[in-house]
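Now for the letters of each chain:
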Amino acid sequence: MSCASTRISRREVLVGGASAVAITVASGSGIAAAEGPAGSPAERLPISLKVNGGDHVLALDPRTSLLDALREHIHLTGTKKGCDHGQCGACTVILNGRRINSCLTLAVMHDGDSVTTIEGLGTPEALHPMQAAFLAHDGFQCGYCTPGQICSAVAMLDEVGRGIPSHVTADLTAPARLSEIEIRERMSGNICRCGAYPNIVEAITEVAGAMP
Ligand code: FES
Ligand code: FES
(Lines give C-alpha, C1' and ligand atoms only; values in the text may rest on other atoms or scores of the structure.)
(Ligands and ions follow the chains in the order given, each with its own letter.)
Protein backbone atom coordinates (compact mmCIF):
# COMPACT_ATOMS: atom_id res chain seq x y z
CA MET A 1 0.00 0.00 0.00
CA SER A 2 1.31 3.48 -0.85
CA CYS A 3 0.46 6.88 0.57
CA ALA A 4 0.77 10.37 -0.90
CA SER A 5 3.86 11.25 1.14
CA THR A 6 5.89 8.30 -0.17
CA ARG A 7 4.56 8.12 -3.73
CA ILE A 8 7.27 9.25 -6.14
CA SER A 9 6.56 9.80 -9.81
CA ARG A 10 8.89 8.61 -12.58
CA ARG A 11 9.60 12.27 -13.40
CA GLU A 12 10.65 12.94 -9.80
CA VAL A 13 12.97 9.95 -9.88
CA LEU A 14 14.59 11.25 -13.05
CA VAL A 15 14.97 14.76 -11.63
CA GLY A 16 16.34 13.34 -8.40
CA GLY A 17 18.79 11.19 -10.31
CA ALA A 18 19.98 14.16 -12.31
CA SER A 19 20.49 16.10 -9.10
CA ALA A 20 22.54 13.25 -7.67
CA VAL A 21 24.70 13.23 -10.77
CA ALA A 22 25.08 16.99 -10.56
CA ILE A 23 26.15 16.69 -6.93
CA THR A 24 28.64 13.98 -7.84
CA VAL A 25 30.12 16.08 -10.64
CA ALA A 26 30.20 19.16 -8.45
CA SER A 27 32.04 17.33 -5.71
CA GLY A 28 34.47 15.95 -8.29
CA SER A 29 35.24 19.42 -9.58
CA GLY A 30 35.49 20.56 -5.98
CA ILE A 31 38.45 18.22 -5.54
CA ALA A 32 40.14 19.71 -8.58
CA ALA A 33 39.37 23.25 -7.47
CA ALA A 34 40.80 22.52 -4.06
CA GLU A 35 44.15 22.11 -5.79
CA GLY A 36 43.92 25.66 -7.12
CA PRO A 37 43.77 28.82 -4.99
CA ALA A 38 40.46 29.52 -3.22
CA GLY A 39 38.29 27.32 -5.42
CA SER A 40 39.42 28.97 -8.64
CA PRO A 41 41.00 27.14 -11.56
CA ALA A 42 44.71 26.60 -11.09
CA GLU A 43 46.80 29.60 -12.06
CA ARG A 44 48.65 29.17 -15.32
CA LEU A 45 52.40 29.28 -15.08
CA PRO A 46 54.80 30.49 -17.75
CA ILE A 47 57.22 27.92 -19.09
CA SER A 48 59.81 27.94 -21.82
CA LEU A 49 60.72 24.72 -23.62
CA LYS A 50 63.15 24.08 -26.42
CA VAL A 51 61.54 21.39 -28.53
CA ASN A 52 63.38 19.93 -31.51
CA GLY A 53 65.56 23.04 -31.55
CA GLY A 54 62.66 25.53 -31.52
CA ASP A 55 61.70 27.76 -28.59
CA HIS A 56 58.18 27.51 -27.18
CA VAL A 57 56.81 29.83 -24.50
CA LEU A 58 53.64 28.49 -22.92
CA ALA A 59 51.27 29.38 -20.09
CA LEU A 60 50.19 26.08 -18.58
CA ASP A 61 48.04 24.72 -15.81
CA PRO A 62 50.74 23.36 -13.48
CA ARG A 63 49.06 19.95 -13.63
CA THR A 64 49.79 19.60 -17.36
CA SER A 65 52.03 16.64 -18.13
CA LEU A 66 54.94 17.10 -20.50
CA LEU A 67 53.14 14.71 -22.84
CA ASP A 68 50.02 16.86 -22.95
CA ALA A 69 52.11 20.01 -23.36
CA LEU A 70 53.76 18.48 -26.42
CA ARG A 71 50.58 17.08 -27.94
CA GLU A 72 47.87 19.55 -26.94
CA HIS A 73 49.77 22.83 -26.71
CA ILE A 74 52.69 22.51 -29.14
CA HIS A 75 50.69 20.18 -31.41
CA LEU A 76 53.44 17.65 -31.90
CA THR A 77 51.30 14.54 -31.98
CA GLY A 78 54.05 12.11 -32.96
CA THR A 79 54.55 11.35 -29.28
CA LYS A 80 51.77 8.96 -28.34
CA LYS A 81 49.63 8.55 -25.25
CA GLY A 82 49.13 4.90 -24.44
CA CYS A 83 48.51 4.24 -20.78
CA ASP A 84 49.23 7.76 -19.39
CA HIS A 85 50.59 5.93 -16.33
CA GLY A 86 54.22 5.15 -17.10
CA GLN A 87 53.52 1.57 -18.10
CA CYS A 88 53.90 1.38 -21.88
CA GLY A 89 56.62 3.77 -23.10
CA ALA A 90 54.54 5.11 -26.01
CA CYS A 91 55.19 8.64 -24.74
CA THR A 92 59.00 8.34 -24.62
CA VAL A 93 60.88 11.50 -25.58
CA ILE A 94 64.48 12.55 -25.07
CA LEU A 95 64.81 15.22 -22.39
CA ASN A 96 68.21 16.88 -22.09
CA GLY A 97 69.71 13.79 -23.74
CA ARG A 98 67.96 11.20 -21.57
CA ARG A 99 64.88 9.17 -22.42
CA ILE A 100 61.87 9.81 -20.25
CA ASN A 101 58.19 8.87 -20.07
CA SER A 102 56.64 12.24 -20.80
CA CYS A 103 53.32 11.22 -19.23
CA LEU A 104 54.98 10.89 -15.83
CA THR A 105 56.40 14.37 -15.49
CA LEU A 106 54.87 17.81 -15.27
CA ALA A 107 55.75 20.29 -17.97
CA VAL A 108 56.36 23.10 -15.47
CA MET A 109 59.20 21.06 -13.96
CA HIS A 110 61.13 21.48 -17.19
CA ASP A 111 61.34 25.20 -17.71
CA GLY A 112 64.32 25.85 -19.97
CA ASP A 113 64.83 22.17 -20.79
CA SER A 114 65.47 20.69 -24.20
CA VAL A 115 63.14 18.04 -25.62
CA THR A 116 63.58 15.89 -28.70
CA THR A 117 60.51 14.13 -30.06
CA ILE A 118 60.16 11.76 -33.00
CA GLU A 119 59.55 14.81 -35.21
CA GLY A 120 62.98 16.15 -34.27
CA LEU A 121 64.99 13.02 -35.04
CA GLY A 122 64.63 13.07 -38.80
CA THR A 123 62.44 14.13 -41.68
CA PRO A 124 60.69 12.04 -44.35
CA GLU A 125 63.43 13.13 -46.73
CA ALA A 126 66.28 12.55 -44.32
CA LEU A 127 65.37 9.82 -41.85
CA HIS A 128 67.36 9.27 -38.69
CA PRO A 129 69.32 5.98 -39.03
CA MET A 130 67.07 4.42 -36.40
CA GLN A 131 63.95 5.42 -38.31
CA ALA A 132 65.44 3.99 -41.52
CA ALA A 133 66.35 0.74 -39.73
CA PHE A 134 62.82 0.34 -38.33
CA LEU A 135 61.52 0.71 -41.88
CA ALA A 136 64.07 -1.69 -43.33
CA HIS A 137 63.39 -4.36 -40.69
CA ASP A 138 59.61 -3.91 -40.42
CA GLY A 139 60.01 -2.92 -36.79
CA PHE A 140 56.35 -2.07 -36.43
CA GLN A 141 52.85 -3.12 -37.41
CA CYS A 142 50.22 -0.57 -36.32
CA GLY A 143 52.95 1.95 -35.57
CA TYR A 144 51.44 3.31 -32.36
CA CYS A 145 54.38 2.40 -30.16
CA THR A 146 56.97 3.23 -32.81
CA PRO A 147 57.78 6.88 -32.01
CA GLY A 148 58.44 5.90 -28.41
CA GLN A 149 60.41 2.83 -29.46
CA ILE A 150 62.64 4.89 -31.76
CA CYS A 151 63.25 7.72 -29.28
CA SER A 152 63.98 5.13 -26.61
CA ALA A 153 66.36 3.19 -28.86
CA VAL A 154 68.30 6.30 -29.85
CA ALA A 155 68.78 7.35 -26.23
CA MET A 156 69.49 3.75 -25.19
CA LEU A 157 72.41 3.49 -27.61
CA ASP A 158 73.75 6.71 -26.15
CA GLU A 159 73.52 5.15 -22.66
CA VAL A 160 75.50 2.15 -23.88
CA GLY A 161 78.08 4.46 -25.41
CA ARG A 162 78.47 6.14 -22.04
CA GLY A 163 79.08 2.76 -20.40
CA ILE A 164 75.89 2.66 -18.36
CA PRO A 165 75.18 -0.97 -17.39
CA SER A 166 71.78 -2.64 -17.39
CA HIS A 167 70.21 -5.23 -15.10
CA VAL A 168 71.63 -8.04 -17.28
CA THR A 169 75.14 -6.66 -17.79
CA ALA A 170 77.38 -9.47 -16.57
CA ASP A 171 80.74 -7.73 -16.44
CA LEU A 172 80.57 -4.24 -14.96
CA THR A 173 84.29 -3.68 -15.55
CA ALA A 174 84.22 -4.24 -19.33
CA PRO A 175 82.77 -1.94 -22.00
CA ALA A 176 79.07 -2.67 -22.50
CA ARG A 177 78.41 -5.04 -25.39
CA LEU A 178 75.02 -4.77 -26.98
CA SER A 179 73.82 -8.37 -27.18
CA GLU A 180 70.21 -9.26 -27.96
CA ILE A 181 69.45 -9.85 -24.30
CA GLU A 182 70.93 -6.43 -23.48
CA ILE A 183 68.72 -4.78 -26.10
CA ARG A 184 65.61 -6.58 -24.87
CA GLU A 185 66.34 -5.65 -21.27
CA ARG A 186 67.17 -2.03 -22.01
CA MET A 187 64.06 -1.65 -24.22
CA SER A 188 61.76 -3.46 -21.79
CA GLY A 189 59.99 -0.23 -20.85
CA ASN A 190 58.62 0.09 -24.37
CA ILE A 191 55.70 -2.22 -24.95
CA CYS A 192 54.63 -3.26 -28.46
CA ARG A 193 51.15 -4.70 -28.48
CA CYS A 194 51.70 -5.91 -32.05
CA GLY A 195 54.63 -8.02 -30.90
CA ALA A 196 57.14 -6.59 -33.35
CA TYR A 197 59.96 -7.24 -30.88
CA PRO A 198 62.19 -9.49 -33.07
CA ASN A 199 62.20 -6.89 -35.83
CA ILE A 200 62.73 -4.03 -33.38
CA VAL A 201 65.76 -5.85 -31.99
CA GLU A 202 67.08 -6.39 -35.52
CA ALA A 203 66.69 -2.71 -36.33
CA ILE A 204 68.47 -1.59 -33.19
CA THR A 205 71.18 -4.17 -33.68
CA GLU A 206 71.83 -2.90 -37.17
CA VAL A 207 72.16 0.68 -35.99
CA ALA A 208 74.38 -0.36 -33.12
CA GLY A 209 76.58 -2.29 -35.52
CA ALA A 210 76.49 -5.15 -33.05
CA MET A 211 75.14 -7.92 -35.27
CA PRO A 212 77.73 -10.74 -35.48
FE1 FES B 1 53.45 7.22 -20.92
FE2 FES B 1 52.29 4.85 -21.37
S3 FES B 1 51.69 6.83 -22.10
S4 FES B 1 54.16 5.26 -20.35
FE1 FES C 1 51.61 -1.77 -32.91
FE2 FES C 1 53.96 -1.65 -31.63
S3 FES C 1 53.61 -1.65 -33.76
S4 FES C 1 51.97 -1.51 -30.79
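Note: the structure precedes this text.
Residues numbered from 1 in each chain as written. Chains lettered and ligands numbered in written order. Predicted model: local features only at pLDDT ≥ 70, side-chain atom pairs only at ≥ 80, totals over all residues.

Considerations on the overall build of the chain
Basically, it comes down to this: Strands here are runs of E lasting at least two residues and helices are runs of H or I lasting at least four, both read from the DSSP assignment and numbered beginning at the N terminus. Partly exposed residues are those falling between the two cut-offs: more than 12 but fewer than 20 other C-beta atoms within 10 Å of their own, whereas 20 or more means buried and 12 or fewer means exposed, with C-beta atoms placed from the backbone. We call two residues in contact when their backbone-placed C-beta atoms lie within 7 Å.
The helix and strand inventory of the chain stands at seven helices and five strands. Taken from N to C terminus, the helices and strands of the chain fall in the order α-β-β-α-β-β-β-α-α-α-α-α. Counting across all 212 residues of the chain, residues that qualify as buried make up 30%. The contacts of the chain with a sequence gap of at least 6 include a subset with a gap of at least 24, amounting to 55%.

Digging into the sheet that holds strand E4 (residues 98–101)
The line we're drawing: Strand pairing is defined by DSSP finding a minimum of two bridges between the two strands. Between N-to-C directions, angles span 0 to 180 degrees; the directions come from axes that are lines fitted to C-alpha atoms, helices contributing only their stretch in contact.
Pairing is mixed across the open sheet formed by five strands, whose spatial order is E2-E1-E5-E3-E4. Only two strands of the sheet have a single neighbouring strand rather than two, namely strand E2 (54–60) and E4. Neighbouring strand axes in the sheet, compared pairwise and without regard to direction, differ in orientation by 40° on average. Both strand E1 (residues 45–51) and strand E5 (residues 114–116) contribute to a ladder of two bridges, which runs parallel. By the bridge assignment for E5, Val51 is matched with Val115. In the packing of helix H5 (residues 146–161) onto the sheet, the strands contacted are strand E3 (92–95) and E4, and the crossing angle to E3 comes to about 35°.

A short note on the environment of Ser102
Topologically, Ser102 is positioned in the loop between E4 and E5. What makes Ser102 buried here is the crowd of 29 C-beta atoms within 10 Å. Spatially, the C-alpha atoms of Ser102 and Gly86 are 8.4 Å apart, while their sequence positions differ by 16 residues.

What to know about the pairing of E1
Pairing geometry for E1 and E2, over seven bridges, is antiparallel. Within E2, the position partnered with Val51 by the bridge is Gly54. Linking E1 to E2, which pair antiparallel, is a turn of two residues; within it Asn52 sits at a positive phi near 50°.

Observations concerning helix H7 (residues 197–208)
Note the threshold: Here a helix's expected span is defined as the number of its residues, less one, multiplied by 1.5 Å.
Taking 1.5 Å per residue as the helical rise, H7 with its 12 residues ought to reach 16 Å, and the 16 Å between its terminal C-alpha atoms agrees with that figure. If you check which residues of H7 are buried, you get Ile200, Glu202, Ala203, Ile204 and Val207. Backbone geometry just after H7 places Gly209 at a positive phi near 70°.

Notes on the packing of helix H4 (residues 129–136) against H7
To be explicit about the condition: Roughly parallel covers angles under 35 degrees, roughly antiparallel covers those over 145, roughly perpendicular covers 65 to 115, and oblique covers all other angles. By definition, turning the near helix anticlockwise from the far helix through less than a right angle yields a left-handed crossing, and turning it clockwise yields a right-handed one. Under the grouping applied here, Gly and all other residues not named as nonpolar or charged are polar, the nonpolar ones being Ala, Val, Leu, Ile, Met, Phe, Trp, Tyr, Cys and Pro and the charged ones Asp, Glu, Lys and Arg.
Where H4 contacts H7, the two axes come as close as 8 Å, and the packing angle between them is 135°. With respect to H7, the element H4 is oriented oblique. Here H4 runs over H7; the crossing is right-handed. In contact with Pro129, Met130, Ala133 and Phe134 of H4, H7 contributes Ala203, Glu206 and Val207. Of the residues contributing to the contact of H4 with H7, the split by class is six nonpolar, no polar and one charged.

Looking at the pairing of E4
Bridging between E3 and E4 involves four bridges; their strand directions are antiparallel. Bridging from a neighbouring strand, Thr92 pairs with Asn101 of E4. A loop of two residues connects E3 with E4, the two strands running antiparallel in sequence, and Asn96 in this loop sits at a positive phi of about 50°.

Here we look at H4
The following threshold applies: As used here, the arc is the angular range of directions from the helix axis to the C-beta atoms.
Along H4, the residues that are buried comprise Met130, Gln131, Ala133 and Phe134. Summarising the axial view, the buried residues of H4 lie within an arc of 160°, below the 170-degree limit, and thus occupy one face. Phi turns positive, to about 55°, at Asp138, one or two residues after H4.

Some points on unusual backbone geometry
Peptide bonds are mostly trans, and most non-glycine residues show a negative phi. The phi dihedral of Asn96 is positive, around 50°, even though this residue is not glycine. Along the chain, Asn96 falls in the loop between E3 and E4. Positive phi, close to 55°, is recorded for Asp138, a residue that is not glycine. Judged by local crowding, Asp138 falls into the partly exposed class, with 13 C-beta atoms found within 10 Å.

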